[in-house]
Amino acid sequence: MTATARPSVLVFAGLDPSGGAGIAADIEAIAAQGAHALPVVTALTVQDNNRVHGVEPIDPALLLRQAQALAQAVQIRAVKLGIPGSGANAAAIAQVITRLRAADPLLPVVLDPVLASGHGDALARGDAVAALRPLLALATLVVPNLPEAQALGPVAWPRRLVTGGHADGARVVNRWHGPHGTREWSWPRLPGQFHGSGCTLAAAIAGQLALGRPMEMALDLAQRYCHRALEQAYAIAPGQLIPNRHPWTERTA
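Here's a quick rundown of the structure. Please read all numbers here as calculations on a predicted model, not as lab measurements.

## Describing the overall build of the protein chain
- For the protein chain, the helix and strand inventory stands at seven helices and nine strands.
- Within the protein chain, the proportion of its 253 residues that are buried is 51%.
- Counting only contacts in the protein chain whose residues sit at least 6 apart along the sequence, the fraction spanning at least 24 positions is 64%.
- Of the roughly 11700 Å² of accessible surface on the protein chain, 55% is carried by carbon and sulfur atoms.

Below, the structure written as structure tokens:
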């Protein structure tokens, strides 16, 4: 019996030892869509489910070696980008994407432009906005929250989904801006704060795009999945909750 190949998503993100955000969140969310994550760690972090205490970027040469080994062996159907960790790493990631796009000009690239933790702790060495610029230019879709969208300024993104979790009101409104117009999704605001919700959403979108879904269908399915993961979030310690990225399992917390 021949195994069926599963679509793969190349992921660049930081390692969060709490398991709530970063590469751990991406692996789980992509798997839940029916795709497979190829995780390349961009930075080691010192953090828990609430605060980031330190960031150590991976050497860009090592990052390149990891990505090149994967690209030579695996057909990559989408790319998901989290924190680059440094400007040098962002340049290396941009180099990888440019090479992949030479073979597949329509390769989807989803960027979660994480500028800081929920408490404002830095997640990159140097200017985080400047580090993201080469990646913004290559992204098919950018998924910022409201503070990130404001910090990035009027960048000419071809497609973006601005999430509304930082706004007020009984409902969270996510606004999609595409080349042919805009659309809104509205979700009931859930109690509590969540660690890794942005990672979860962006990774789920990348997983759906890797499966070949059209953009708006991928956005719809990924948001439904993310909202369910937040509905069933659980605690590991006081403070921010961890999204249940396997929402088909029974909640135990």
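Moving on from the model shown.
## Some words on the state of the cysteines
- Counting across every chain of the model gives zero disulfides.
- The cysteine Cys199 is free of any disulfide, with Cys226 supplying the nearest cysteine sulfur at 9.9 Å.
- Its relative accessible area of 6% is what places Cys226 among the buried residues.

## Thoughts on the packing of helix H1 (residues 22–32) against helix H6 (residues 197–210)
- Running from N to C, H1 and H6 point in directions that differ by 40°, and their axes come no closer than 8 Å. As far as their axial angle goes, H6 and H1 are oblique. For the element pair H1 and H6, the recorded crossing hand is right-handed. Contacts from Gly22, Ala25, Asp26, Ala29 and Ile30 in H1 reach Cys199, Thr200, Ala203 and Ala204 in H6.
- Class assignment of the residues belonging to the contact of H1 with H6 gives a composition of six nonpolar, two polar and one charged.

## Notes on the packing of helix H3 (residues 87–103) against helix H4 (residues 128–136)
- At a minimum axis distance of 8 Å, the contact between H3 and H4 shows a crossing angle of 5°. Accordingly, the angle class assigned to the pair H3 and H4 is roughly parallel. Where H3 abuts H4, its residues Gly87, Ala90, Ile93 and Ala94 lie against Ala131, Pro134 and Leu135.
- Here the residues of the contact of H3 with H4 are counted per class, giving six nonpolar, one polar and no charged.

## Some points on the pairing of strand E9 (residues 181–188)
- For strand E8 (residues 171–178) and E9, the ladder comprises eight bridges, and the chain directions are antiparallel. Its bridge partner being in E9, His177 is matched across the sheet by Thr182.
- Connecting E8 to the antiparallel partner E9 that follows it, the hairpin turn spans two residues.

## A look at the nonpolar core
- Formed by 33 residues in total, the largest nonpolar core has its most connected members in Val9, Val110, Leu141, Val143, Leu161, Ile205 and Leu219.
- Residue assignment for this core shows that the elements contributing at least two residues are strand E1 (8–15), H1, E9, H6 and helix H7 (215–231).
- Element by element, the count of residues in this core is highest for H6, at eight residues.
- Of all hydrophobic cores here, the second largest spans 30 residues; its members include Ile76, Leu100, Ala139 and Val142.

## Regarding H3
- Its 17 residues give H3 an end-to-end C-alpha distance of 25 Å, which sits within 8% of 24 Å, the value for a rise of 1.5 Å per residue.
- Taken as a whole, H3 has its buried residues at Asn89, Ala90, Ala92, Ile93, Ala94, Val96, Ile97, Leu100 and Arg101.

## Looking at the pairing of E8
- A one-sided burial pattern is seen for E8, the buried positions being Val172, Asn174, Trp176 and Gly178 and the unburied ones Arg171, Val173, Arg175 and His177.
- Sheet analysis places strand E7 (residues 160–162) next to E8, joined by three bridges and oriented antiparallel. Along E8, the bridge assignment pairs Leu161 with Trp176.

## Topic: the environment of Ala233
- Examined against the element boundaries, Ala233 turns out to sit in the segment after H7.
- Considering only alpha carbons, one finds Ala233 and Pro243, 10 residues apart in sequence, at a separation of 4.2 Å.

## Overview of the environment of Gly87
- With respect to the secondary-structure elements, Gly87 resides in helix H3.
- Taking the relative accessible area as the measure of exposure, Gly87 reaches 38% and is therefore partly exposed.
- Counting along the chain gives 46 residues from Gly87 to Arg133, while the straight-line C-alpha distance between them is 9.1 Å.

## Focus on H1
- For H1, every residue scored as buried is listed here: Gly22, Ile23, Ala25, Asp26, Ala29 and Ile30. End-on view of H1: buried residues confined to an arc of 155°, all on one side of the axis.
- The inward-facing, buried residues of H1 contact E1, strand E2 (36–47), strand E4 (76–81), H6 and H7.
- A positive phi of about 100° marks Gly34, the residue just after H1.

## Considerations on the pattern of salt bridges
- Taken as a whole and assessed by the stated rule, the structure comprises six salt bridges.
- In this structure, the salt-bridge partner of Arg175 is Glu184, at a minimum N-O distance of 2.8 Å.
- Where salt bridges share partners, they join Arg183, Glu216, Asp220 and Arg224 into one cluster.

Calculation notes
Residues numbered from 1 in each chain as written. Predicted model: local features only at pLDDT ≥ 70, side-chain atom pairs only at ≥ 80, totals over all residues. Heavy atoms only, no water. Helix = DSSP H or I, 4+ residues; strand = E, 2+ residues; numbered from the N terminus. Buried < 20%, exposed > 50% of the residue type's maximum accessible area, 1.4 Å probe, protein only. Contact = heavy atoms within 4.5 Å. Areas by Shrake-Rupley, 256 points an atom, 1.4 Å probe, with all protein chains shown as cover. Disulfide = S-S within 2.5 Å. Axes fitted to C-alpha atoms, helices over the stretch in contact; angles between N-to-C directions. Parallel < 35°, antiparallel > 145°, perpendicular 65-115°, else oblique. Left-handed = near helix turned anticlockwise from the far one by under 90°. Nonpolar A, V, L, I, M, F, W, Y, C, P; charged D, E, K, R; others polar. Pairing = 2+ DSSP bridges. Core = buried A, V, L, I, M, F, W, Y, C linked by side-chain atoms within 4.5 Å. Expected span 1.5 Å × (residues − 1). Arc of directions from axis to C-beta. Salt bridge = Lys/Arg side-chain N within 4 Å of Asp/Glu carboxyl O.

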